[in-house]
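Take a look at the letters that make up each chain.
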Amino acid sequence: MHRIHTITTYIVLLFMLLACSHHVENAEQTDTLPPIYPDYIGVTIPCNIAPLNFGILDTDSTDRADHMQVTLKGSTGEPIIVEGEYADFPIDRWQQLLRANAGDSIMVSVVAEVGGKPIAYRPFHIHISKDTIDYGVTYRRIAPGYEVYSKMGIYERSLNTFEEKAIVENSLITGMCVNCHTVCRTNPAHQSLHIRGEHGGTMLITPSEGAEYLHTKTDTTLSQFVYPYWHPTGKYIAYSTNKTKQYFHEGRDKRIEVADVASDILIYSPGTHTIITSPLLQGDEAFETFPAFSADGRTLYFCRADARSVPEQYKDVKYDICSIAFDPATAQFGDHIDTLIHASAEGKNAVFPRPSYDGRYLMYTLSDYGTFPIWHKEADLRMVDLLTNEDITIDILNSDDTESFHNWSSTSRWVVLSSRRDDGLYTRLYFSHIDEKGRATKPFMLPQSNPARFYRESIYSYNVPDFITSPVIVPSKKEMKEGLGAN
Amino acid sequence: MTSRPSHYIQAALSVLFFIAVFCFYTFAYSGHMAMQEQFQLWLCTSDYLQEHLYAGGLIVYMGEWVAQFFYSPVIGATILAAILLGIQANTWQISRSKNHVLYPLSFIPSICTLAVMTDGNVLTSLPVGMLLWTSAIALICSIRGKGFKYACAIVIFILLGYISTPSQYSYYRQAEMPASVMLIPILSALFTDIALRFLPSSKKSPAITNAILTIVVAIAGWASIASGMETDEEHFLRYDQMARHERWDDIINKARNEGVHDTYSAVYVNIALAIKGQLADNLSLAVAPHGVNSLLPEYRGEWHKALPVAEAFYYLGMVNTAQRYTFNAHEAIPNMNKSARCFKRLAETNIINGHYEVARKYLQLLSHTLFYRTWAEKALECIEHRNIDVHPMWHYLRTVQTDDDYLFSSKRGVQLASLIKANKDNYIASQYIVAYSSLVPTTDRPTSNKE
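What counts, and where the lines are drawn
Residues numbered from 1 in each chain as written. Chains lettered and ligands numbered in written order. Predicted model: local features only at pLDDT ≥ 70, side-chain atom pairs only at ≥ 80, totals over all residues. Heavy atoms only, no water. Helix = DSSP H or I, 4+ residues; strand = E, 2+ residues; numbered from the N terminus. Contact = heavy atoms within 4.5 Å. Areas by Shrake-Rupley, 256 points an atom, 1.4 Å probe, with all protein chains shown as cover. Lys, Arg positive; Asp, Glu negative; His and termini not counted. Charge placed at Lys NZ, Arg CZ, Asp CG, Glu CD. Axes fitted to C-alpha atoms, helices over the stretch in contact; angles between N-to-C directions. Parallel < 35°, antiparallel > 145°, perpendicular 65-115°, else oblique. Left-handed = near helix turned anticlockwise from the far one by under 90°. Nonpolar A, V, L, I, M, F, W, Y, C, P; charged D, E, K, R; others polar. Phe/Tyr/Trp six-rings, centres within 6.5 Å; stacked < 30°, edge-to-face > 60°. Buried < 20%, exposed > 50% of the residue type's maximum accessible area, 1.4 Å probe, protein only. Lys NZ or Arg CZ within 6 Å of the ring centre and 35° of its normal. Buried area = accessible area lost by both parts, 1.4 Å probe. Salt bridge = Lys/Arg side-chain N within 4 Å of Asp/Glu carboxyl O. Polar contact = N/O pair within 3.5 Å; in protein donor to acceptor, adjacent residues only side chain to side chain. Patch = residues over 30% accessible without salt bridge, like charges linked within 9 Å, V, L, I, M, F, W, Y side chains within 5 Å. pLDDT = per-residue confidence, 0-100. Pairing = 2+ DSSP bridges. Core = buried A, V, L, I, M, F, W, Y, C linked by side-chain atoms within 4.5 Å. Expected span 1.5 Å × (residues − 1). Arc of directions from axis to C-beta.

(A) Region of the structure containing the overall build of chain B. For chain B, the count of helices and strands is 22 helices and zero strands. C-alpha atoms of chain B, sized along the principal axes, occupy 85 × 45 × 35 Å. The contacts in chain B between residues at least 6 apart in sequence include a share of 71% that link residues at least 24 apart. Carbon and sulfur atoms form 63% of the exposed surface of chain B, whose accessible area is close to 18900 Å². In chain B, 35 side chains carry a positive charge and 34 a negative one; their mean positions are 10 Å apart.

Structure below.
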């Protein structure tokens, strides 16, 4: 009797197993590439990136595959075969395969059942660079709203796993806003973070001073410190000071215009608690903003536009990318300004200068006008070779929609860029490889465990991304509240 | 053993209480009940459940699950009446009182809970939590055998502690919850239980004592509920509820019968009048007493008052501005919830503007809800087939929307002039111009675009 019971149990289990497994069989071969989401076809990825899980979406981006079978195969290493509603690669085997095929590529074969019809798509390749990517990225996650914001915060995301954790959220103090979290050349030992609101201030973290909380509006500055950039030594940090206003479009294709009515640039020295200014960066006749130090720290790049009356002439505010010498030994600015990208001469607008940390390239955002290209669909990324002053073509990074903020990895071989190409409103992060000759590769979207569900349902934008070489350490919530006088 | 007459009296009191609560939420406080539903987004997905798997998270999940039914006032009032009756029944059962004269006292915790719930910021998780705890204690009390009873009590209390531990926003929409929100229902339950257990039974004329207690509890209960009621806010929320369901005639009738108490209510009344083509003939109803702000309101930062502002601009054809204020209303929800109502409107503004991928995101979220699924699926079909004009309001708003881009002006005359300039057939804007002109000097009338 006991044996009969055992055998019955095994038979039932076997049937259950058979019922659970679902193979895609008798698939129709097609020469078309699979309509995968996110589009990872032909991308170049670092050999230490998290699995590029993906799903199948039909042309209207709504119907997911009922079932799919995906095979990853490299020239060496163990192939990976996964089955399910979407391709969910085991992280350990994925990373083994990537390490085994670094400098080569893997072939991805997709067989999927869409609407009950099994289809074997044309295989595609994913190229694996030997250049590793940094530990992670930081970003602000916020709804792309207008004057009011709900849940928001600064987060860090590990790039070789799917783990995300909050650095600081606005639930810390009721009604507060956090922005512009910046580290020094991807090293989070130096950090700058603005907290706005009733108990606002700038939290500055340096190895020598620890955390300090600054109220940065002075009698001689236009506003609190705004857009930051660390000097490579960590001894200085450049900020803009901006009087910024928001305006709203009534036409159907634009939403928001953010414009400065005045702006200047200064440098703050955390060690001496002093502000360093130059009359060349403080004039009323021009708007100066978005500072960025060169790789050697001897030049400060920034954006400069002739002052205009805003909002009446908001479309005439067109920034050029300029530079001024800076001597870190004496903390002295040079005596003249040079123009690196004279975009206004061509009726265009260049903002967000970001020099690569190897000193070779400078990437920036080109749009029609204004200080906030995230709301400009025409905004694209451009790059200039700092050795030759020649433009480098990086069209592969751009789309019909907005490309905006961007940053370099510590090795200067990867860039992270924010783009609205996914749906036209919600900003997502993409990564691209830039080789030593400045050749960019097709960007790939920040991997997620179940990307179709994650990105389709996420109602947050990713702002101001930056690479980090190690996890970010910030004071405890209690210490932060005390530092800001919010207890 | 309950005697048959007292059994009937108890049943009658319970039925009366159920009816009273039902009527309260149907006729006196339906606006507040609707507000609970519209500033949340309960999703029937495993992800949404997982998001609430933390200490105190599941009570929010359960409260939101219940509150989604408030979309229908009748169902909502029935559920709330049933929950409060359940708390009362548990209170009576826990006390194990044989003193049936005191039965009216068992309503006190439910009445106190209802009184606390008159504060519009108290979330549905509060009565749900009370029901859970009183049910659990009643269950434990009914278990025989000491050892088993204590074991069950430990397991149930740990479980309920995990489910219902108070955390920020779990019972109250604002960051700072008044202590009374939790204390009043809990202490009332505690003291009621003590009273039911230890008050002496009246052997002389129990029926009269019972009747007196019933009257005292009813009067004191109503007094405590009435003192907490946000009457002016309820007036506004009723208009808001009717506008949301496009009950324009009901809005006009309410305004005629009960008056228009505040500017934001007046905004809804003017929209209703304009949609029905009656605004120009009824300027005395809302325009005259509440002025220009009742036509094109200025948003002054109150979190849910961005909605009437958004609605005014929506029906006027300023879709981008409506979208902006809807987004503001959504982002301003104090407990950082998402709002099904706002997502619905945002989906519509994006459809009208031709931003289908963004609209699809909101619609896909709404398709995981109970009461918005059918609408969302139909809207998704419209997007798939680019069949937008089958929806009369979307079609109308597309025809009256301006194609010229300009920055939003806070000058109302300019706004109205731009609408008529964009499309002379904008019948709502035409009536608004008449109404606006009745309030401003001739020189400020919107005859031309001044910017």
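From this point, the discussion proceeds with the structure in view.
(B) The packing of helix H11 (residues 231-244) of chain B against helix H12 (residues 248-258) of chain B, seen in detail. Residues and elements named next belong to chain B. In the contact formed by H11 and H12, the axes pass within 8 Å of each other and the chain directions differ by 155°. Here H11 is positioned roughly antiparallel relative to H12, judged by the angle of their axes. Regarding H11 and H12, the two cross each other, and that crossing is left-handed. Here H11 contributes His-235, Arg-238, Tyr-239, Met-242 and Ala-243 to the contact with H12, which in turn contributes Trp-248, Asp-250, Ile-251, Lys-254, Ala-255 and Glu-258. Looking at the contact of H11 with H12 residue by residue, the classes come out as six nonpolar, one polar and four charged.

(C) Layout of the packing of aromatic side chains. For the structure on display, the rule yields 42 aromatic pairs over all chains. Here Trp65(B) and Phe69(B) contribute two aromatic rings whose centre-to-centre distance is 5.0 Å and whose plane-to-plane angle is 75°, an arrangement assigned as edge-to-face. Among the residues examined, Phe69(B) registers a relative accessible area of 15% and is labelled buried. In textbook terms, an aromatic cluster arises when at least three aromatic residues are bridged by ring pairs, as seen for Trp65(B), Phe69(B), Tyr71(B), Phe371(B) and Tyr372(B). Over the ring of Trp375(B) we find Lys344(B), and its NZ or CZ is 5.0 Å from the ring centre. Just above the ring of Tyr426(A) sits the side chain of Lys361(B); from NZ or CZ to the centre is 4.9 Å.

(D) Representation of the environment of Gly175(A) in the model. Residue and element names in this part refer to chain A. As for its placement among the helices and strands, Gly-175 is situated in the loop between strand S12 (164-169) and strand S13 (177-184). For Gly-175 and Glu-288, which are 113 residues apart along the polypeptide, the C-alpha to C-alpha distance reads 29 Å. Once residues lying within four places of it in the same chain are set aside, the contact partners of Gly-175 are Tyr-149, Arg-196 and Gly-197.

(E) Main features of the interface of chain A and chain B. Contacts between the two partners involve 37 residues from chain A, matched on the other side by 38 residues from chain B. Between chain A and chain B, a total of about 3500 Å² is buried, with carbon and sulfur atoms accounting for 49% of that surface. The interface formed by chain A and chain B contains four salt bridges. Among the salt bridges present, the one from Arg456(A) reaches Glu357(B), with a minimum N-O distance of 3.8 Å. Inspection of the region where chain A meets chain B yields 15 residue pairs in polar contact (both at pLDDT 80 or more). Elements supplying a minimum of two residues to the side of chain A that touches chain B: strand S18 (237-248) and helix H3 (451-457) of chain A.

(F) Layout of a nonpolar patch on the surface. All names here are of chain B. Together, Leu-183, Leu-187, Leu-190, Phe-191, Ile-194 and Phe-198 make up a nonpolar patch on the protein surface, roughly 610 Å² of accessible area in all. Position of Leu-183 among the secondary structure elements: in helix H9 (residues 179-198). Overall, Leu-183 belongs to the partly exposed group, its relative accessible area being 45%.

(G) Focus on the side chain of Ser106(B). All names here are of chain B. Relative to the helices and strands, Ser-106 is located in the loop between helix H5 (73-95) and helix H6 (108-117). Engagement of the side chain of Ser-106 in a polar contact is seen with the backbone oxygen of Tyr-103, the distance being 2.6 Å. Residues within four places of Ser-106 in sequence aside, it is in contact with Gln-88, Thr-91, Trp-92, Thr-192 and Leu-196.

(H) Structural detail: the side chain of Arg341(B). Residue and element names in this part refer to chain B. Structurally, Arg-341 is set in helix H17 (residues 340-352). A distance of 2.7 Å separates the side chain of Arg-341 from the side chain of Asp-240, its partner in a polar contact. When neighbours within four sequence positions are excluded, Arg-341 is seen to be in contact with Gln-38, Asp-240, Arg-244, Tyr-268, Leu-307, Glu-311 and Tyr-372.

(I) Fine view of the packing of helix H7 (residues 125-142) of chain B against helix H8 (residues 146-164) of chain B. All names here are of chain B. Relative to each other, H7 and H8 sit at 175°, their axes nearing to 10 Å. Accordingly, the angle class assigned to the pair H7 and H8 is roughly antiparallel. Taken together, the residues of H8 that come into contact with H7 (itself represented by Leu-132, Trp-133, Ala-136, Ile-137, Leu-139, Ile-140 and Cys-141) are Lys-149, Ala-153, Ile-156, Phe-157, Leu-160, Gly-161, Ile-163 and Ser-164. Per-class residue counts for the contact of H7 with H8 are 12 nonpolar, two polar and one charged.

(J) Structural context of the confidence of the model for chain B. Here chain B averages 92 in pLDDT, while 96% of its residues score no lower than 70. Across the interface, the model reports ipTM at 0.90; the global pTM reads 0.92.

(K) Examining the environment of Ser278(A) more closely. Residues and elements named next belong to chain A. Within the secondary structure, Ser-278 sits in the loop between strand S20 (274-276) and strand S21 (286-293). For Ser-278, a relative accessible area of 5% puts it in the buried group. In the structure, Ser-278 is positioned 12 residues away from Leu-266 in sequence and 7.4 Å away in space, judged by C-alpha atoms. Look past the residues within four positions of Ser-278 in its chain and what remains in contact with it is Ile-324 and Phe-333.

(L) Spatial organisation of the sheet that holds strand S19 (residues 256-269) of chain A. Residue and element names in this part refer to chain A. Spatial strand order, S17-S18-S19-S20: four strands in an open sheet with antiparallel pairing. At either margin of the open sheet sits one strand with a lone partner, and together these are strand S17 (225-230) and S20. The sheet shows a mean angle of 40° between the axes of neighbouring strands, direction not considered. Bridge count for S19 against S20 is three bridges, and the pairing is antiparallel. Paired with Ile-267 across the bridge in S20 is Ile-276.

(M) Up close: unusual backbone geometry. Residue and element names in this part refer to chain A. A cis amide bond, omega -5°, links Tyr-37 with the succeeding residue Pro-38. At the junction of Val-310 and Pro-311, the peptide bond is cis and its omega measures out at 15° in the coordinates. Mapped onto the secondary structure, Pro-311 falls in the loop between strand S22 (299-306) and strand S23 (320-327). Phi at Phe-290 is positive, roughly 50°, even though this residue is not glycine. The residue Phe-290 is located in strand S21 in this model. Judged by its relative accessible area of 5%, Phe-290 falls in the buried class. The phi torsion at Phe-352 lies on the positive side, around 55°, for a residue other than glycine. Structurally, the position occupied by Phe-352 is in strand S25 (residues 349-355).

(N) Representation of the pairing of strand S33 (residues 461-468) of chain A within the structure. Residues and elements named next belong to chain A. Within S33, seven of the eight residues are buried, leaving the element largely enclosed by the surrounding structure. Pairing of strand S10 (residues 136-142) with S33, which is carried by six bridges, proceeds in the antiparallel orientation. Paired with Val-137 across the strands is Phe-467, a residue of S33.

(O) Quick look at the sheet that holds S23(A). Residues and elements named next belong to chain A. Strand order in the open sheet made by the four strands is S21-S22-S23-S24, with antiparallel pairing throughout. Bordering the open sheet on either side are S21 and strand S24 (332-341), each of which pairs with just one other strand. Going from strand to strand, the sheet's axes swing by 30° on average, the running direction of each strand aside.

(P) Geometry of the nonpolar core. Judged by nonpolar contacts, the single largest core of 150 residues is most densely connected at Tyr25(B), Val269(B), Ile271(B), Ile351(B), Tyr362(B) and Tyr432(B). For this core, the element with the highest residue contribution is helix H13 (residues 263-275) of chain B, accounting for 10 residues. When residues no more than four places from it in sequence are discounted, the contact partners of Val269(B) are Tyr239(B), Ile251(B), Ala255(B), Val260(B), Leu285(B) and Ala286(B). Among the nonpolar cores identified, the runner-up in size contains 78 residues, and Phe54(A), Ala331(A), Ile394(A) and Val416(A) belong to it.

(Q) View of H6(B). Of all 10 residues in H6(B), nine are buried, a share of seventy percent or more. Among the residues making up H6(B), those that are buried are Pro109(B), Ser110(B), Ile111(B), Cys112(B), Thr113(B), Leu114(B), Ala115(B), Val116(B) and Met117(B).

(R) Broad picture of H8(B). Residue and element names in this part refer to chain B. Here H8 spans 26 Å end to end across 19 residues, near enough to the 27 Å set by a 1.5 Å rise per residue. Of all the positions in H8, only Cys-152, Ala-153, Ile-156, Leu-160, Ile-163 and Ser-164 are classed as buried. What you see down the axis of H8 is that its buried residues fit within an arc of 110°, all on one side. Those residues of H8 that are exposed and aimed more than 90 degrees away from the buried face are Gly-147, Ile-154, Val-155 and Ile-158. Where H8 is buried, its residues contact helix H4 (57-67) and H7.

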